Amino acid sequence: MNFAARVFAAGLLLLLPVAPVFAQDTQGEVSETTTTKHLWPFEASDIPVDPGFVFGQLENGMRYILRENATPEGTALVRMRIGSGSLEETESERGLAHFLEHMAFNGSTNIPEGEMIPLLEREGLAFGADTNATTGFEAITYMLDLPRNDEELLGTAMMLMRETASELTIAPEAVERERGVILAERRDRRGFAQRAREDGFEFISPGARYTQRLPIGTLEVIENATAADLRGLYERTYTPSNTVMIIVGDFPVSVMEQAIRTRFADWAPAPAPPEPVSGPVDTARKGASDIFIDPALSESVTLTQLGPHIDEPDTLARRKASLLRGVAYGVIRRRLARLARSSTAPFRGASFSQGSIFKDARTNTLSIASEDGKWREGMLAAVQSIREAATYGFTKAEITEQLSNIRTTLENRAAGSDTRANSFYASAAINLVSDESVPTTPEFQLAFFNDLEDAITPGAVLAAFRDRYIPLGDPLIRFQGRTAPEGGEEALQSAFAQAIALPIAPPQEGSAKEFAYSDFGEPGTVIIDKRDERLGFRTITFANNVRLTLKQTDIREDRVAYRLLLDGGALMNTREDPLRTYLIGSLSAGGLGAHSRDELQTILAGRSVGFSASNTADTFSFTGATTPRDLALQMQLLTAALTDPGYREEGLQQFRRGIDNFFQTLDSTPFRALSNASGAILSDGDPRFSLQTRDEFFALNYTKLDEAIGDRLASGAIELSLVGDFDEEEAIARVASTLGALPPREPEFRLRKDARERAFTSNRTRHVLTHTCEPDQALLRMVWPTDDDADFTEELRMSLLARMVRIELTDRLREELGQAYSPNASSSMSKIYPGYGTFTLTASVDVTELEAARGAIAKLITDLREEPIDPDLIQRARQPLLEAYDNALKSLGGWLQLADRAQSESDRLERWFKGPDTLRAITADDLSEAARKYLSPESAVEFVVLPKGESDQGVLAVPSS
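Numbers given to residues run from 1 along each chain, matching the order in which its sequence is written. In view of the model being predicted, local features appear only for residues whose pLDDT reaches at least 70, and side-chain atom pairs are presented and counted only at 80 or more, with totals across whole chains, interfaces and linings using the full set of residues. Side-chain figures throughout are based on the complete set of non-hydrogen atoms in the structure, without hydrogens or water.

The protein chain goes by Peptidase M16 in an unreviewed UniProt entry, where it is assigned to Erythrobacter longus. Turning to the protein chain, the UniProt record has this under Cofactor (unreviewed entry): "Zn(2+)". UniProt positions are given in the numbering used here, feature names are shortened, and annotations may be inferred rather than shown by experiment.

To form a nonpolar core, buried Ala, Val, Leu, Ile, Met, Phe, Trp, Tyr and Cys residues must be joined to one another through side-chain atoms within 4.5 Å. Summary of the burial criterion: residues with accessible area below 20% of their type's maximum are buried, those above 50% are exposed, and those between are partly exposed, where the area comes from a 1.4 Å probe applied to protein chains only. In this structure, Ile 65, Phe 352, Leu 366, Phe 394, Ile 456 and Phe 465 are the most contacted members of the largest nonpolar core, which totals 69 residues. As used throughout, domain bounds are those supplied by an automatic or database domain assignment. The residue makeup of this core includes at least three contributed by each of domain 1 (46-265) and domain 2 (289-420 + 432-501). Not counting chain neighbours up to four residues away, the residues in contact with Phe 352 comprise Tyr 329, Ile 332, Arg 333, Leu 336, Asn 364, Thr 365, Leu 366, Ile 386, Phe 465, Tyr 469 and Leu 472. In terms of nonpolar packing, the next biggest core, distinct from the first, is built from 58 residues, Tyr 517, Leu 638, Ala 708 and Leu 713 among them. In this description, contact between two residues means that some pair of their heavy atoms is separated by no more than 4.5 Å.

At least two DSSP bridges between two strands are required for those strands to pair. Secondary structure elements are taken from DSSP: a helix is a run of H or I of four residues or more, a strand is a run of E of two residues or more, and numbering for both begins at the N terminus. An order of S12-S13-S14-S18-S15-S17-S16 is seen for the seven strands of this open sheet, with the pairing classed as mixed. A single partner strand is all that each edge strand has here, and the edge strands are strand S12 (526-532) and strand S16 (613-615). Across the sheet, the mean angle from the axis of one strand to that of its neighbour is 20 degrees, orientation sign disregarded. Bridge count between strand S15 (residues 560-567) and strand S17 (residues 619-626): eight bridges; the pairing is antiparallel. Only the stretch in contact is used when a helix axis is fitted, and all axes are lines through C-alpha atoms; the angle between N-to-C directions ranges over 0 to 180 degrees.

This part is about helix H3 (residues 151-166). Each residue after the first adds 1.5 Å to the expected span of a helix. Its 16 residues give H3 an end-to-end C-alpha distance of 22 Å, which sits within 8% of 22 Å, the value for a rise of 1.5 Å per residue. On its buried face, H3 is in contact with strand S3 (76-82), helix H2 (116-122), strand S5 (140-146), helix H7 (227-237), strand S6 (243-249) and helix H8 (253-264).

Reading across from one edge, S7-S11-S8-S10-S9 is the order of the five strands in this open sheet, with mixed pairing throughout. Two strands lie at the open edges of the sheet, namely strand S7 (289-293) and strand S9 (349-357), each paired on one side alone. Across the sheet, the mean angle separating the axes of adjacent strands is 15 degrees when strand polarity is ignored. Both strand S8 (residues 300-307) and strand S11 (residues 476-481) contribute to a ladder of five bridges, which runs antiparallel. Across the sheet, residue Val 301 finds its bridge partner in S11, namely Phe 479. Its contacts with the sheet put helix H9 (residues 316-341) on S9 and strand S10 (361-369), and the angle it makes with S9 is roughly 150 degrees. Strands in contact with helix H15 (residues 488-501) are S7, S8 and S11; relative to S7, the strand with the most contacts, it is inclined by about 125 degrees.

Moving on, we get to the environment of Gly 124. Relative to the helices and strands, Gly 124 is located in the loop between H2 and strand S4 (131-135). With relative accessibility at 2%, the residue Gly 124 sits in the buried group. A C-alpha to C-alpha distance of 7.9 Å links Gly 124 and Arg 878, two positions 754 residues apart in sequence.

Before going further, it helps to examine the packing of H3 against H8. One can describe the packing of H3 onto H8 by two numbers: an axis separation of 9 Å at closest approach and a directional angle of 40 degrees. As the angle between them shows, H3 and H8 are arranged oblique. Between H3 and H8 lies a crossing of right-handed hand. Two secondary-structure elements touch here, H3 through Glu 151, Leu 154, Gly 155, Met 158, Met 159, Met 161, Arg 162 and Ala 165 and H8 through Val 255, Met 256, Ala 259, Ile 260, Arg 263 and Phe 264. Under this grouping Gly is polar, as are all residues other than the nonpolar Ala, Val, Leu, Ile, Met, Phe, Trp, Tyr, Cys and Pro and the charged Asp, Glu, Lys and Arg. Partitioned by chemical class, the residues of the contact of H3 with H8 number ten nonpolar, one polar and three charged. What sets the label is the angle itself: under 35 degrees gives roughly parallel, over 145 gives roughly antiparallel, 65 to 115 gives roughly perpendicular, and the rest give oblique. With the far helix as reference, a near helix turned anticlockwise by less than a right angle produces a left-handed crossing, and one turned clockwise produces a right-handed crossing.

Moving on to the packing of helix H17 (residues 631-643) against helix H23 (residues 728-736). At a minimum axis separation of 9 Å, H17 and H23 run at an interaxial angle of 30 degrees. Classified by the angle their axes make, H17 and H23 are roughly parallel. As for the relative orientation of H17 and H23, their crossing is right-handed in sense. Contact residues: H17 offers Leu 631, Ala 632 and Met 635, while H23 offers Ala 731, Arg 734 and Val 735. Here the contact of H17 with H23 is built from residues that sort into five nonpolar, no polar and one charged.

For the bond running from Thr 71 to Pro 72, omega is -5 degrees, close enough to zero to count as cis. Assignment of secondary structure puts Pro 72 in the loop between strand S2 (63-68) and S3. The residue after Gly 279, namely Pro 280, is reached through a cis peptide bond having omega 5 degrees. With respect to the helices and strands, Pro 280 occurs in the loop between H8 and S7. Although it is not a glycine, Ile 170 adopts a positive phi angle of roughly 50 degrees. Mapping Ile 170 onto the fold places it in the loop between H3 and helix H4 (172-189). The class for Ile 170 is buried, based on a relative accessible area of 3%.

Here the focus is the pairing of S4. Every second residue of S4 is oriented toward a common face, the buried set being Thr 131, Ala 133 and Thr 135 and the non-buried set Asn 132 and Thr 134. Pairing between S4 and S5: five bridges, direction antiparallel. Within S5, the residue paired with Thr 135 across the bridge is Ile 140. Linkage of S4 to S5, two consecutive antiparallel strands, is achieved through a turn of four residues.

As structure tokens, this is what we get:
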């Protein structure tokens, strides 16, 4: 697994996803079909495992983990984990584990090269979204998300996994073709963040093997690897004893098990390779400093103290100690967050964690993110806070707050345990294999916590914290930023010496206030109460014009998703004041009139509530999730946010602390350069769609926001949707006593017709932008104007056309030419701006291949417009869309998306019912006509993003105008 995944916060083991259980012929027994039996971690632990998982092993040594689960109903996840990653590579193989991952899609004994992805697309699995793989230090994991639970599809999945496991042909010509794709991926991932990561690894663990085994590999190996090199690693690592198959989904266990046996029982046994070396890491290393500079990096300082690795199995005793330490770390994070939220915050953010470097070392790490030039102030405050915790410990009130949050988390998990998602259980199974964390049920976790809660005292928490705390006496200090600190490494060490000399004091015992917002007046009266039997919606209107849409469903037990839409949104911005509503995203940072944000965190501890606001085009949106138990409080909190926003200075300062960093990185990657410039270009400089200046962002304040949105908060139309596991009458009563009790609101969302004008530039010349990232990175984007979404059939045609173009881009740029790693195409037809829509095509390429890529794209567009479209291409694009329709309402998010304008835009519900048949009715002629209508070469706006200093002369055949 990736290094980052092995660095985990102390105390979280108790809260990790519940996982596997005894594999069984009978419950509590592991299936034993081989004389060379692998020991599952839970078999040597005193922790009871979750009996919902079934574990087994084939005679050849391959293991499997199965779980029948019906959330989402009728779907399944398949994961095949090969227990060797980049650490297994020799010096001459660096990058070949990842190369092998790519070769899985490039030909095998029974699947010709280039046929695996089309086969899956015809079954409704979209490449990338449902079909993927990942390579880490310790494993390669292949992933298939099955959109339906028919046994034939499961059999196909197992066939493909077996082809990957033992039947790859690794033909020399296929290797040569895929080499370009991997080089493109390596190119796209290079940049300031990757360089900083590599520097950090080498500083903490100089000479450790893992620092020289990053999964992406080296340029020399990738450019020169042969099919024989890849086959050598393949045969050494892809063995039954090194493989675990995981299937979670809506199949009987017997069906899953038989599918595995059918395909894998005849795989010839072979041992797993020995566990590779990841170190060494010198745990006595201390007192060193490192400075890493890049113009795109925001300023931060990291202090790391190393200690010896402690190898301990997952046991009840370990979990008890881990829980106590987790409480300590939770309090420390809370203290640091409080400092970061203050109006005179010494840093933008800080964190303190316990972690591990594989099995070579353990770490205590303090990370401080500061505004440029303020690293010293941040270090002093953060180190002082950690020293106070280590010396004086924690107050009873702080412990109580943490315990409230932990208890609520565990109670919520237990209440919703019957509808946990497939993805949760698949991750739990992976965690069992990779981290040896024993799986437990939510009920066990809650009972374990309840048994220990009385013993979780300030003294016990401090003792547990100190037991694993590595004092920050002489840490490794690493600085990264745009400019080196004045005084260099000596200044870093001097600042730390100053920090540990600062006076410290014990924390003061505090007490939480009562929530101030429980009475909003006489509950509102329902004046309209209707039902839509087709969707099960109940639509309510209160006398004050607040609208409520209810959808009761138990697809997620004990969870309620909500979205409150308030009239307003980006349509309120004007050409004269394009940032008028921008600060709505920082509304919650200002707290409420009676409570700061920090106070709210304490007051609401142990409750599943929250509020945050965002801008949509025509509304302000408040979205989140709660439980039936906390629905009343959640409605009170939302109502308080509308009636008494805090607008506190600390919220404004928190927003401002991020502005400079944003403007310092405008062109730090090709995509950032494009996204920050393209709005103005496509709109001919319309300020509403153009990036404004740094000074204009700094000029924003809560007073201006209040002037802009105050009347919307007081009287704007409201439409609230509740989706989930609740009692309808109780939900209506909760809304009636809060939002329904407010003074009368406007009955409809304002149209703001004059604001709905959006032009697409008439300037069709090529626009050359520059970035400051890697010198070989270039980005090509073509944007065509289309239309709004008034014609639903046309909208679906364009969506289908975009999927087809994405497939063809992948085939032509990635597979045939090896020029791009993840080309993309999308269609966006507006429901807000009449006549406005775009069709966008994007490809990241090597700067030397830009003209070839442009030529391939031009040929693709010409073919779509002039040549007959292959019916198979249409099927590959259409089937994932149809499967997405079938599965859209198997999650609360899907229902919420359908419900959130069910009253104000009720006519659009008809689109849901028409969608599948409309998609199926789209013909090749329809798609060709759409391409001819919208995708004429002369209509496109072309963006080319080149490295700064690189001239477009010679890179492009035709110079820009």
